[in-house]
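Commentary on secondary and tertiary structure
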Amino acid sequence: MECGVARLKTLRPRLVLQSNRLTVAAEPSWRSGKTSTQRGYGYRWQQARERYLLDNPLCVYCARKGMTTAASVVDHIVAHQGNPDLFWNQANWQALCKPCHDSEKQREEAAAGQRGR
Ligand SMILES: [Zn+2]
């Protein structure tokens with residue numbers, strides 16, 4: 001299985017590889033060069049995001065490390081790539097502080113890209 005997947009990787013990057021998670025992949029191209037509004041982070045998202053942060057005010061990554069940090073970002077656990085179901089599904093959201101979102105998430109996405117998990 002690993003070998004077959006590895007071979008497919010060059011042809012169909014990452015889409016197949018994550019089928020054991022609930023997703024589609026973190027393909028960087030869809031968001032490059034777009035504003036947040038073009039990505040779907042429009043007014044409706046701002047509203048939903050603020051409500052979510054009221055209910056989930058703490059960074060979940062920091063909480064895992066035993067720290068209590070106010071969250072300021074609602075992150076999609078699975079990259080939604082413009083998929084509205086993933087985008088609006090709150091089960092796919094997590095509250096993060098900015099530093100965690102910028103550092104840990106990037107690392108996770110980079111790792112996902114390399115390992116295709
Ligand atoms: Zn944090």
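The present account deals with the structure reproduced in this document. (Residues numbered from 1 in each chain as written. Predicted model: local features only at pLDDT ≥ 70, side-chain atom pairs only at ≥ 80, totals over all residues. Heavy atoms only, no water.)

1. Quick look at the nonpolar core
In this structure, Y41, W45, A48, Y52, L53, A71, V74, F87, W93 and A95 together form the largest nonpolar core, which totals 10 residues. Only α2 (43-55) and β2 (93-96) provide two or more residues apiece to this core. Residue contributions to this core peak at four residues, all from α2. Among all residues touching A95, those that are not within four sequence positions of it are Y52, L53, N56, L58, C59, V60, A71 and V73. Formed by six residues, the second largest nonpolar core is a distinct cluster that contains C59, Y61, C62 and L96. (Core = buried A, V, L, I, M, F, W, Y, C linked by side-chain atoms within 4.5 Å. Buried < 20%, exposed > 50% of the residue type's maximum accessible area, 1.4 Å probe, protein only. Helix = DSSP H or I, 4+ residues; strand = E, 2+ residues; numbered from the N terminus. Contact = heavy atoms within 4.5 Å.)

2. As for the pattern of salt bridges
Counted by the stated rule, this structure contains one salt bridge. In this structure, the salt-bridge partner of D102 is K98, at a minimum N-O distance of 2.7 Å. One end of the pair, D102, and the other, K98, are both in helix α5 (residues 98-115), four residues apart, so they sit about a helical turn from each other. Residue D102 is classed as partly exposed on the basis of its relative accessible area, which comes to 31%. With a relative accessible area of 45%, K98 lands in the partly exposed category. (Salt bridge = Lys/Arg side-chain N within 4 Å of Asp/Glu carboxyl O.)

3. As for the coordination of the zinc ion
Ligation of the zinc ion by protein atoms is provided by C59 (SG), C62 (SG), C97 (SG) and C100 (SG), these donors lying 2.2 to 2.3 Å from the ion. Coordination at the zinc ion is tetrahedral, judged from the four donor atoms that bind it and the angles of 103 to 118° they form at the metal. Summarised as a motif, the one-chain spacing of the donors to the zinc ion is C-x2-C-x34-C-x2-C. Here C100 lies in helix α5 and C59 lies in the loop between α2 and α3 (60-64), a separation of 41 residues in the sequence. Using a relative accessible area of 1% as the deciding quantity, one classes C59 as buried. On the accessibility criterion, C100 (4% relative accessible area) is buried. (Donors = N, O, S within 2.8 Å, 3.2 Å for Na, K, Ca; no water. Tetrahedral: all angles 85-135°; square planar, octahedral: opposite > 155°, others 65-115°.)

4. Notes on the pairing of β2
Residues W93 and A95 line one face of β2 and the alternating positions Q94 and L96 line the opposite face, and both faces are buried. Pairing between strand β1 (residues 73-76) and β2: four bridges, direction antiparallel. From the neighbouring strand, V73 faces β2, where its bridge partner is L96. (Pairing = 2+ DSSP bridges.)

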